[in-house]
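What follows is the residue order along each chain.
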Amino acid sequence: MESNKSKSFSIVGKPVPIKDAKEKVTGSIKYAIDFALPDMVFGKILRSPHPHARIKSIDITRAKALPGVIGVVTYKDAPDLNWESCWFNYRGHILDNRVRFVGDEVAAVGAINEDLAEQALKLIKVDYEKLPAVFDPEEALKTGAPQVRVEGNAREPRVTTWGDVTKGYKESDIVVQSSMAFESQQYAPIGRNACIAEWAGDKVTMWTSTQTPSEARSAVAQAFGIQINKVRVIGLPSGCSMGIWWINNFHMMTVLLAKKICRPVKIELTQEESFAAVKRRHLERSRGQIGCKKDGSIMFLDIKHIIDNGGYGFKPDVGQLICDLWGRCPHGRFIVQAVSTNLLTAGCMRGVGDVTLGAFTERLLDKAAVKLNTDPLEFRLKNHIRVGDPLRKVGKGLANYKTPPDLKDNWPAPYILSSEAIHECLIKGAKRFGWKEKWQGWGKPLSVEGPKRRAVGMGSGTHCCGVEMEGNTSAIVRVHMDGSVTLCCSMGRHGQGSETTQAQILSETIGISIDQIDVEAGDTQVSPWSHGSIASNTTFRTGFATREAGLDAKRQILEIAARHYLKEDPGQLDIKDSVIYNQDDPGQSIHLKELMSRLLPDALTPPGIIGRPTVQMPPSTTFSRQFAVQFVEIEVDIETGQLKLLDYLAAQDSGKVINPKSLENQVIGGAIIGSGFAMVESLVFDKQTGRILNPNFLDYKVLRAPDFPIQPEVIFCESHDPVGPYGAKGAGESPMAAAIPAIAQALYNAIGVWVDVPMTPEKILKALDKI
Amino acid sequence: MINIKLNINGIVCEFEIEPHEILSDLLQKKMGLIGVRTSCSKGECGACTILMDGKPVVACMILAMQAEGKEILTIEGVGTYDNLHPIQEAFIEEHGFQCGFCTPGVIMSTKNLLETKPDASSSQIAMSLSGHICRCGAYPKIIKSVQKAAQKLEENHGE
C-alpha cells in the first residue's frame, strides 16, 4: 500500500468535467428505457389489488388467446427458490401464490407491443382469498398480528451497546426523553427504469440501469438456481437512483418471462410503478433518552428504533453509524427492531438509518442542550467523536476482526476512528455562517416581522464509507497497445460522477492523462465483482481498488521498460504524461504507446498489461466514517405555516477531495433531498389497504429550484484518511443526514415547538395549536 | 389516422398518426429523439420539455396533432457532441447536472429564458426552472450554468 502523504497532485483535487458530460447535455446518453433489441417482446406486469391474499386460482386462457400475445408467466412458472437483493432489500420468490402488498407482482404478459400486453393483463382472471393485513410497524410486532411472511414479521433485534446505560442514568445530572415518528420517503426517480433480458441457450444477458451490476448478476443466478458464469449483466446509466435501482423483482419477472417465451423481453416501468411497486424508505419510529452531566458531557444514549420492511424487505437494521458520532459517551444502547408489513417493500435509501435514527439522536441532543441551556454548537464540539476513539457499531461477523499481522505498519487499528474533521466542520462552518452572531438562544428567533419569524439551526450527520458485506471490491486496469487504458470496475453510473473520480485516481496513480482513460462500470463480463456504488462505497473502496490496480499496472510497465528499453532498475523509473523516464536522467525515456505497441523480444507479442489490486482494503466499517455539519437560516410564517429556507451552509468531511465540483453537487444534492424529506416528502398510504395514494409528482411533492437557497455554501474540511485513495473518503450520504436536524432545530428556535418530519405547513400549524 | 406535417429540428417530417398520439411519443419513438426524456407523462417533471415555435412546452401534455405545421426544437437540434451550443458548454463547465436525466429539458427552458430575458437574475432563473425536477438536487449549479451561459451568449453576441 502506497502512503497517502507523499506528494502534490496533478489531477486529484481538480474540478474536471465529468466524463459523460457531453452525452448528458446533448441528450444522447442511453438509459435502460432507451435501450432496445430488434426482436424483443414487450412485457407488462399484473399487480395485486389486495394488500394480503392467497391466489386460489389463476386463469390465463383468455389472455393467451389475445392475438399478439406471446406468453404469460404466473407463480406456477417461477422457480421454488428465494432470492435476496443486496443488504436484504428483497427476500422472497420471484412469484409465489401469495401477494403481500397492493402492487405486488402476480403475473406478466409478453406481447408484440405494450398496448396489447396491457390489454391482456385485464384478461387474466385471478381468484384471491383475502387475508388479514397489517400496515403499522408497531401493530405488526404485536402477538396475533397478521403474519406477512413465513419467517414471521419480526426480525431479530440488532443491538449496539457499550458501557452500561443503567450506570449512565445514575451518573447523569439531567435525563431527557423523546420520540419521533417518520413518514416514508420515496426515491421518486424521475429516471424510470427498464429491464431487457435475453436467453441464449442456458445463458442470460440483462440490460438495465443499475447501481449494482455485480450483485444483480449474483441475484439472477440465485433466483434461477444457475451458475454465475451463465449470467451477464450490462449495467446502463440510470437517472438519480439513491438506492432504488439495484436489483428488484421486476428484473426477475423480465428474466422469467424471457425464459418462458424464448424471446428477448423488455419491461419498462411507468412512473406510477416506479413510485408504488419497487421500494421506498422504511417507515421508522424512534424512542429514547439521553443523559448528561451539567457540564454538557453526554453520559448515555439509549434508543429503540423500529423500521418496517414492507412486504419483501428483510433488513434487520439500518446501519446505525450515528452511534459512532456520539460514541464518546461512556454508555450507549441502540436497539433496532425491523418488522414486515403489508406495505410496499422498503429498502435502503440514501443515508439509510443515519437520516432517520440520526435525526432522532440529534433531537435528543438538542433537547438535552435546551435543558442545559447550552449552544448546540458548543454541545456538539464537546461530544463529537475524535480520531483514536472507539467505534461502537460493529459489523456482523467482524467482532473479532484483527489487523493482518504482516500489514500492521500502515493499517488502521480495528474499531478505532482513523480520520475526522468534524471538529473543523463545526468551527469553520459556524464561523463562515456567522453562527455566533445569529444564534439567539434556544427557542429564540433571529427576527420577528408580523407573522414571519426567522431563526437559525444546525445539525450534524455521518455515514459509513462502504460496507464489506459479501466481500471486497475489485478493479482491473487494462493497458492497450496504443497506451490508452480501460478501467473496469463494477459500480454503475447514476450521477455522482464516479467514473470521473475513478479516472482521476487512476490518472494520478499511473501518470497518464485522464483523456487516456475510459471506464467500464457496468458490464459484469469484463468488470470484477464489486458492491457497486452503494453505501458510499465508490470513492473510498472502489477508489482503493482502482489505485491498487493502477499501481500494479504501473509496476508492470516500469518492469518492461527497465528490462527491455531503459536498462535501469525499475525503482529508478517513473511515468509522467505517458512518458516512462529515468528520474536521474529524464532524457532517457520511452513513450507508453511505443512500449505497448512494440513486440517484446522474448515473447514476440506486444506487452499484455492487466493491473489488479494486490492488497485488499481492511474492512472499512472498522475504521472510517464520513461527516457532515450543516447550518440553515429559515423563515416561517406562523399564520400560514409556510417554511422557507433562506440560507444554507454545508461543511463536509469526505477526506481528500478528488473532484470538488462533483463533490459540491453531492453535498448540496444530499442537503436538498434531506431538506425535501424534512419539509415536504411523504408517501401517503390508504388506511384500509396500504395502497400508495400519491404515486406521482403531482401529489408527491419534492423541492424544486426556487425552494432551496440559490447560492448555498459548501466548505470542505479535508481529514486525511490513511487508507482511502489519496486520503479520500465516502461522501454521498452524510450530507443528507444533517439536513433534518438543522431545519428542525431552526424551526424550534422560530416557534418554540419541535415538529416531526416532514415539517409541512399543516404540521407546523398543528404544533402551534392553530388547527 | 391523421396526416400531419411539422418541422423537427429543421427537418420537415410527415407522419400518419392516431388522434390520441402524444407528441413526446412521436418524437421519441418515431423519430428516435431520446433526448426528449419522458418520465411522469403528467406534465409535472419537465423532463420532456421542448420548444414549439420557440416556446417551451412539455411534450407529454401535447397531442401530436396539435404540432401540425409547428416548428419543434429538441435537445438534438440545439447542439451535437462535436458541436456544442454555448449553453451546453456552460452546463459542462459548471457541472450543472449529475445523472443527466432532467438536463435536456432544463437546457431547452434555459434557451428560451436567455432568448427572452438574457439578463435574468438568479431568482428569476430559479423561478423559470420551477417546472423542472432535478432529483439529484443540482439546482445551485444549474443556476450557475445558466448564468455562465448568459455570459457566453452575450460575449458571442458582441463579436
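Everything quoted here is computed from the prediction, not taken from an experiment.

Reading the values: rules and limits
Residues numbered from 1 in each chain as written. Chains lettered and ligands numbered in written order. Predicted model: local features only at pLDDT ≥ 70, side-chain atom pairs only at ≥ 80, totals over all residues. Helix = DSSP H or I, 4+ residues; strand = E, 2+ residues; numbered from the N terminus. Rg over C-alpha atoms; globule rule 2.2 N^0.38 Å. Buried ≥ 20, exposed ≤ 12 C-beta atoms within 10 Å, placed from the backbone. Contact = placed C-beta atoms within 7 Å. Pairing = 2+ DSSP bridges. Axes fitted to C-alpha atoms, helices over the stretch in contact; angles between N-to-C directions. Domains from an automatic or database assignment. Nonpolar A, V, L, I, M, F, W, Y, C, P; charged D, E, K, R; others polar. Core = buried A, V, L, I, M, F, W, Y, C linked by C-beta atoms within 7 Å. pLDDT = per-residue confidence, 0-100. Expected span 1.5 Å × (residues − 1). Parallel < 35°, antiparallel > 145°, perpendicular 65-115°, else oblique. Left-handed = near helix turned anticlockwise from the far one by under 90°.

Undergrad: Report on the overall build of chain B, specifying residues and quantitative values.
TA: When you go through chain B residue by residue, the secondary structure sums to five helices and five strands. Written out in order from the N terminus, the α and β elements of chain B read β-β-α-β-β-β-α-α-α-α. Computed over the C-alpha atoms, the radius of gyration of chain B is 16 Å, within 12% of the 15 Å expected from 2.2 N^0.38 for a compact globule of 159 residues. Taking the principal axes of its C-alpha atoms as reference, chain B extends roughly 45 × 35 × 25 Å. Burial analysis of chain B (159 residues in total) assigns 55% to the buried set. Across chain B, contacts joining residues at least 24 apart in sequence account for 59% of those joining residues at least 6 apart.

Undergrad: Lay out the overall build of chain A with the relevant residues and their values.
TA: A count of helical and extended segments in chain A gives 19 helices and 29 strands. For 771 residues, the compact-globule estimate of 2.2 N^0.38 gives 28 Å, and the C-alpha radius of gyration of chain A, at 27 Å, lies within 12% of that figure. If one aligns the C-alpha atoms of chain A with their principal axes, the spans along those axes are about 85 × 75 × 50 Å. Taking all 771 residues of chain A together, the buried fraction comes to 60%. Residue pairs in contact within chain A that sit at least 24 positions apart in sequence constitute 81% of those at least 6 positions apart.

Undergrad: Just give me the short version of the sheet that holds strand E1 (residues 2-8) of chain B, but keep the residues and values in it.
TA: All names here are of chain B. With respect to topology, five strands assemble into an open sheet ordered E2-E1-E5-E3-E4, the strand pairing being mixed. Since the sheet does not close on itself, it has two edges, and those belong to strand E2 (11-17) and strand E4 (55-58), each with one partner. Pairs of neighbouring strands in the sheet enclose a mean axial angle of 40 degrees, with direction left out of account. Contacts from helix H3 (residues 103-116) reach strand E3 (49-52) and E4 within the one sheet, and its direction differs from that of E3 by about 35 degrees.

Undergrad: Kindly report on the domain arrangement of chain B, identifying the contributing residues and their values.
TA: Residues and elements named next belong to chain B. Parsing chain B into structural domains produces domain 1 (2-77) and domain 2 (86-158). Here the C-alpha centroids of domain 1 and domain 2 sit 22 Å apart. Taken together, the contact pairs twelve residues of domain 1 with twelve residues of domain 2. Every element with two or more residues in the side of domain 1 that touches domain 2 is listed here: E3 and E4. No other element matches E3, which puts three residues into the side of domain 1 that touches domain 2. In the side of domain 1 that touches domain 2, the residues fall into seven nonpolar, three polar and two charged.

Undergrad: Help me get a handle on the environment of Asn193 of chain A, residues and values and all.
TA: Residues and elements named next belong to chain A. For Asn193, the location among the structural elements is in the loop between strand E10 (174-181) and strand E11 (194-200). Using a count of 26 C-beta atoms within 10 Å as the deciding quantity, one classes Asn193 as buried. The spacing of Asn193 and Leu269 is 76 residues in sequence and 5.8 Å in space, taken between C-alpha atoms. Not counting chain neighbours up to four residues away, the residues in contact with Asn193 comprise Ala32, Ile33, Thr208, Ser209, Ser238, Trp245, Leu269 and Ser274.

Undergrad: Quick one: what's the story with the pairing of strand E29 (residues 713-716) of chain A, residue by residue and with numbers?
TA: Residue and element names in this part refer to chain A. Alternating positions in E29 separate cleanly, Val714 and Phe716 being buried on one face and Glu713 and Ile715 remaining unburied on the opposite face. Direction of pairing for strand E28 (residues 643-653) relative to E29: parallel, over a ladder of four bridges. Note on E29: the bridge partner recorded for Leu649 is Glu713.

Undergrad: I'd like to hear about the pairing of strand E7 (residues 105-111) of chain A, residue by residue, with values.
TA: Residues and elements named next belong to chain A. When you tally the buried positions in E7, you get seven out of seven residues, the bulk of the element. Bridge count between strand E1 (residues 41-47) and E7: six bridges; the pairing is antiparallel. Its bridge partner lying in E7, Phe42 is registered against Ala111.

Undergrad: Give a description of the sheet that holds E7 of chain A that names residues and reports values.
TA: Residue and element names in this part refer to chain A. An order of E3-E7-E1-E14-E11-E12-E13 is seen for the seven strands of this open sheet, with the pairing classed as mixed. At either end of the open sheet lies a strand with only one pairing partner, and these are strand E3 (69-73) and strand E13 (231-236). Going across the sheet, the axis of each strand differs from the next one's by a mean of 20 degrees, ignoring polarity. Two elements, E11 and strand E12 (residues 203-209), share six bridges in a ladder whose sense is antiparallel. Residue pairing for E12: Ala200 is matched across the bridge by Lys203. Packed onto the sheet, helix H3 (residues 114-121) meets E1, E3 and E7 and runs at close to 30 degrees relative to E1.

Undergrad: Summarise the nonpolar core; cite the residues concerned and give the values.
TA: If you look at the biggest cluster of nonpolar residues, it comprises 285 residues, and the most contacted ones within it are Ile743 and Leu747 of chain A. Among the elements that line this core, the one with the most residues is helix H18 (residues 734-751) of chain A, at 13 residues. A domain-level breakdown of this core finds at least three residues from each of domain 1 (2-77) and domain 2 (86-158) of chain B. If we skip the residues at most four places from it in the chain, Leu747 of chain A touches Ile634, Val636, Leu643, Val755 and Met759 of chain A.

Undergrad: Give me the confidence of the model for chain B: which residues, what numbers.
TA: Mean pLDDT over chain B stands at 97; residues scoring 70 or higher make up 99%. Predicted complex metrics record ipTM = 0.98 and pTM = 0.97.

Undergrad: Got a sec to walk through the interface of chain B and chain A? Specific residues and values, please.
TA: Counting residues at the interface gives 45 residues for chain B, matched by 43 residues for chain A. For the side of chain B that touches chain A, the secondary structure elements donating two or more residues are helix H2 (86-93), H3, helix H4 (122-128) and helix H5 (139-158) of chain B. No other element matches H5 of chain B, which puts five residues into the side of chain B that touches chain A.

Undergrad: Help me get a handle on unusual backbone geometry, residues and values and all.
TA: Of the consecutive residues Val757 of chain A and Pro758 of chain A, the connecting peptide bond is found in the cis state with omega at -10 degrees. Along the chain, Pro758 of chain A falls in the loop between H18 and helix H19 (761-767). In this model, Leu604 of chain A sits at a positive phi of 55 degrees, which is unusual for a non-glycine residue. Within the element layout of this structure, Leu604 of chain A appears in the loop between helix H16 (592-597) and strand E26 (609-611). The phi torsion at Asn9 of chain B lies on the positive side, around 50 degrees, for a residue other than glycine. Tracing the backbone through its elements, the reader meets Asn9 of chain B in the loop between E1 and E2.

Undergrad: Tell me about helix H6 (residues 213-224) of chain A, residues and numbers included.
TA: All names here are of chain A. In this model, H6 (twelve residues) spans 17 Å end to end at C-alpha, consistent with the 16 Å of a helix rising 1.5 Å per residue. The buried fraction of H6 amounts to ten of the twelve residues, a majority that puts the element mostly inside the structure. Where H6 is concerned, the buried positions are Pro213, Ser214, Glu215, Ala216, Arg217, Ser218, Ala219, Val220, Ala223 and Phe224. Tucked inside the fold, the buried residues of H6 contact strand E4 (83-84), E12, E13 and helix H7 (249-261). Directly beyond the C-terminal end of H6, a positive phi value near 65 degrees is found at Gly225.

Undergrad: Just give me the short version of the environment of Gln222 of chain A, but keep the residues and values in it.
TA: Mapped onto the secondary structure, Gln222 of chain A falls in helix H6. The contacts of Gln222 of chain A, once residues within four sequence positions are left out, are Trp83 and Glu84 of chain A.

Undergrad: Could you give me a rundown of the packing of helix H17 (residues 660-679) of chain A against H18 of chain A, with the residues and numbers involved?
TA: Helix-helix packing is characterised by the crossing angle of the two axes and by the distance between the axes. Residues and elements named next belong to chain A. Interaxial distance between H17 and H18 falls to 7 Å at its minimum, and their mutual angle equals 45 degrees. In terms of orientation, H17 lies oblique with respect to H18. For the pair H17 and H18, the sense of crossing is right-handed. On the side of H17, the interface is formed by Gln666, Val667, Gly670, Ala671, Ile673, Gly674, Ser675, Phe677, Ala678 and Met679, while H18 contributes Pro735, Met736, Ala737, Ala738, Ala739, Ile740, Ile743 and Ala744. Split into classes, the residues belonging to the contact of H17 with H18 amount to 14 nonpolar, four polar and no charged.

Undergrad: Tell me about the packing of H2 of chain B against H3 of chain B, and please be specific about residues and values.
TA: Residues and elements named next belong to chain B. Here H2 crosses H3 at 125 degrees, and the two axes come no closer than 10 Å. Of the possible angle classes, the one that applies to H2 and H3 is oblique. Between H2 and H3 lies a crossing whose hand is right-handed. Along the contact surface, H2 presents Ile87, Gln88 and Phe91, while H3 presents Thr103, Ile107, Thr110 and Lys111.

Undergrad: Quick one: what's the story with the environment of Leu113 of chain B, residue by residue and with numbers?
TA: All names here are of chain B. Along the chain, the position of Leu113 falls in helix H3. Its 21 C-beta neighbours within 10 Å are what place Leu113 among the buried residues. Taking the C-alpha atoms as reference points, Leu113 and Ser39, 74 residues apart in sequence, are found 23 Å from one another. Dropping the residues within four chain positions of it, Leu113 is found in contact with Ala120, Ile125 and Ser128.

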